[in-house]
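For reference, the chains in residue letters:
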Amino acid sequence: MTEQVLNLVVRKRQEQGEGVVILDLADPTGSDLPAFEAGAHVDIHLKPGLVRQYSLCGDPANAAVYRLGVLRDPASRGGSVAVHDLLTEGSSVSVGTPRNLFPLAAGASRSILIGGGIGVTPMIAMAHQLTAQDSPFELHYCGRSRQRTAFLDELASAGFAASVRTHFDDEGDAQKLDLPAVLGQPGAGVHVYVCGPSGFMDWVIEGARQAGYDEAHIHREYFQVEVDASGAGFEVVAQRSGKTVQVAEGQTIIDALATVGIKVEISCEQGVCGTCLCDVLDGEPDHRDVYLTDDEKAANDQILVCCSRAKSKKLVLDI
Ligand code: FES
């Protein structure tokens, strides 16, 4: 599937907290942008071969802008640094139309939104949407310190400010996130949403499981994942292309396929976005992504070839 790409401009740029830039992207003619729902992200085309996904953190009811919050991470593979360095006010940027892999559940009786650091971005859009739907929620925003944390003024002045709780590592115990208390008993229709650093997310997800939440009521979005490309080599047969290639130890399937001229569309290269999904015709994948659900992984009929590998000696893919 080829995504539609919008040519937008950076209408406004603000630096907040420590290393966070907040960008408002708009159509150069002032036209409305394609609608999105809370939890959606967009592909930002930074330069040839460098496409990164960022959650939309504005109010979905505002069709004039797509708002992003991006933390500069020098240790990243160049995406956030390019956003900070290239996207100045007035500059042009190619942006994919919004896609949503982290939607709000319909008909929730209550939503508990938990954002760690820059992981708060999709939660802000969710807070806007839940407010518009008159659906009860609370937003818990965890950060290292008040000084390093972005969006605080915006959240303090939002119409839903009374539903926001902040928690800082360097402030008193009384304000720290008491996860068991926040999660409480999983009442009917209560949904939990989490986004943030992977360790933080694992802690929240495990807490929700222990509190008795149904897996389908625990929603998560990973924005940064360490890809583990270790493991023995294996053979990949690209059935439709009629080609076979050996994937070496430490090599990704996409890199191996590229050596025989097979190009698979990719984006995040971290097993997060789902762009490189391929059907598996034979063999057993070793799933290393965070995109497929546990059930989808167990079915073993799909694989994300940017990061996953094989448990069997041979994988046959429908490409
Ligand atoms: S390119 Fe994003 S999951 Fe593979």
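Residues numbered from 1 in each chain as written. Predicted model: local features only at pLDDT ≥ 70, side-chain atom pairs only at ≥ 80, totals over all residues. Heavy atoms only, no water.

### Structural notes on the overall build of the chain
Definition in use: Numbering of helices and strands starts at the N terminus; helices are DSSP runs of H or I of at least 4 residues and strands are runs of E of at least 2. Residue contacts are defined here by distance: any two heavy atoms, one from each residue, within 4.5 Å place the two residues in contact. Here the open area of atoms and residues is found with the Shrake-Rupley method and a 1.4 Å probe, where only the protein chains shown may cover a residue.
Scanning the chain from terminus to terminus reveals 7 helices and 19 strands. Seen through its principal axes, the chain has C-alpha atoms that stretch 60 × 50 × 35 Å. Within the chain, residue pairs in contact and separated by at least 24 positions form 66% of the contacts whose partners lie at least 6 positions apart. Summed over its atoms, the accessible surface of the chain is roughly 14,700 Å², and 48% of this surface lies on carbon and sulfur atoms.

### Topic: the nonpolar core
Basically, it comes down to this: We call a set of buried residues a nonpolar core when its members are Ala, Val, Leu, Ile, Met, Phe, Trp, Tyr or Cys and they connect through side-chain atoms within 4.5 Å of each other. Residue burial is assigned from relative accessible area. The probe radius is 1.4 Å, only protein chains are included, and a residue is buried under 20% of its type maximum, exposed over 50%, and partly exposed in between. Domain start and stop positions are those given by an automatic or database domain assignment.
Core analysis: the largest hydrophobic core is formed by 26 residues, its most contacted members being Leu 113, Met 123, Met 126, Leu 139, Phe 151 and Leu 155. Put simply, the parts of the chain that give this core at least two residues each are β2 (20–26), α2 (121–132), β9 (137–143) and β11 (190–196). Per-element accounting of this core gives the leading share, 6 residues, to α2. Residue-level mapping places this core at the junction of two domains, with at least three residues from each of domain 1 (5–100) and domain 2 (110–222). Setting aside residues up to four positions removed in sequence, Leu 155 forms contacts with Ile 124, Leu 139, Tyr 141, Phe 160, Ala 161 and Val 164. Among the nonpolar cores identified, the runner-up in size contains 24 residues, and Leu 257, Ile 262, Cys 307 and Ile 319 belong to it.

### Some words on the pairing of strand β14 (residues 243–247)
Remember that side chains alternate between the two faces of the sheet whenever the strand is regular. Note the cut-off: Strands are treated as partners if at least two bridges between them are detected by DSSP.
With 5 bridges connecting them, strand β13 (residues 234–238) and β14 associate as antiparallel partners. When the sheet's bridge partners are listed, Glu 235 is paired in β14 with Gln 246. Where β13 hands over to β14, the hairpin turn is made up of 4 residues, of which Gly 242 adopts a positive phi near 70°.

### A few points about the pattern of salt bridges
Any two side chains of opposite charge can pair if their charged atoms end up close together. Where we set the bar: By salt bridge we mean one thing: a side-chain nitrogen of Lys or Arg within 4 Å of a carboxyl oxygen of Asp or Glu.
By the definition in use, this model includes 14 salt bridges. Across the pair Arg 110 and Glu 138 runs a salt bridge, and its minimum N-O distance is 2.8 Å. Of the two residues, Arg 110 sits in strand β8 (residues 110–116) while Glu 138 sits in strand β9, which places them 28 residues apart along the sequence. By relative accessible area, which is 27% here, Arg 110 ends up partly exposed. What makes Glu 138 partly exposed here is its relative accessible area of 22%. For Arg 240, the salt bridge identified is with Asp 318, shortest N-O distance 3.0 Å. Highlighted residues: Arg 240 in the loop between β13 and β14 and Asp 318 in the segment after β19 (314–317), separated in sequence by 78 residues. On the basis of relative accessibility, which here comes to 26%, the residue Asp 318 falls in the partly exposed class.

### Digging into the packing of aromatic side chains
Counted only if it meets this: Think of it this way: a Phe, Tyr or Trp ring, Trp meaning its six-membered ring, pairs with another when their centres are within 6.5 Å, and the plane angle makes it stacked under 30 degrees, edge-to-face over 60, tilted otherwise.
Inspection of every chain in the model, using the stated rule, returns 4 aromatic pairs. Look at Phe 36 and Tyr 66: their rings are 5.9 Å apart centre to centre, the planes differ by 80°, and that puts the pair in the edge-to-face class. Taken as a pair, Phe 36 in the loop between β2 and β3 (40–47) and Tyr 66 in strand β5 (residues 66–71) lie far apart in primary sequence, 30 residues in all. Given the relative accessible area of 8%, Phe 36 is considered buried.

### Section: a negative patch on the surface
Short version of the rule: Patch criteria: residues need more than 30% relative accessible area and no salt bridge. Like-charged residues are merged within 9 Å; nonpolar side chains of Val, Leu, Ile, Met, Phe, Trp and Tyr are merged within 5 Å. Only four residue types enter the tally: Lys and Arg on the positive side, Asp and Glu on the negative side, with His and both chain ends excluded. Where a charge lies is defined by one atom per residue type, namely NZ (Lys), CZ (Arg), CG (Asp) and CD (Glu).
Residues Asp 279, Asp 294, Asp 295, Glu 296 and Asp 301 make up a contiguous surface patch of negative charge. If you tally residues by element for the negative patch, the top one is helix α7 (residues 294–299), at 3 residues. If you trace the backbone, Asp 295 turns up in helix α7.

### Here's the deal with the sheet that holds β13
Here is the rule: For helices, the fitted line uses only the C-alpha atoms of the stretch in contact; every axis is such a line through C-alpha atoms, and the angle between N-to-C directions lies from 0 to 180 degrees.
Pairing is mixed in the open sheet, where 5 strands are placed in the order β14-β13-β19-β15-β17. Whereas interior strands pair on both sides, the edge strands pair on one side only; in this sheet they are β14 and β17 (302–304). In this sheet, adjacent strand axes meet at a mean angle of 40° when their direction is disregarded. Across 2 bridges, strand β15 (residues 277–282) lies against β19 in antiparallel orientation. Within the sheet, the bridge partner assigned to Asp 282 lies in β19 and is Val 316.

### Describing the state of the cysteines
Where we set the bar: Disulfide assignment relies on a single distance test, namely cysteine sulfur atoms paired within 2.5 Å.
Applying the stated rule across the entire model yields 0 disulfides. The structure places no disulfide on Cys 195, whose sulfur is separated from the nearest cysteine sulfur, that of Cys 57, by 11 Å.

### Looking at α2
Three- or four-residue spacings in an α-helix give side chains the same orientation, since the helix completes a turn every 3.6 residues. Basically, it comes down to this: One fewer than the residue count of a helix, multiplied by 1.5 Å, yields its expected span.
Compared with the 16 Å implied by 1.5 Å per residue over 12 residues, the 18 Å span of α2 between its first and last C-alpha is a close match. Burial within α2 is extensive, with 9 of its 12 residues counted as buried. Turning to α2, its buried residues number three or more, namely Thr 121, Pro 122, Met 123, Ile 124, Ala 125, Met 126, Ala 127, Gln 129 and Leu 130. The first or second residue beyond α2 is Asp 134, which carries a positive phi of 55°.

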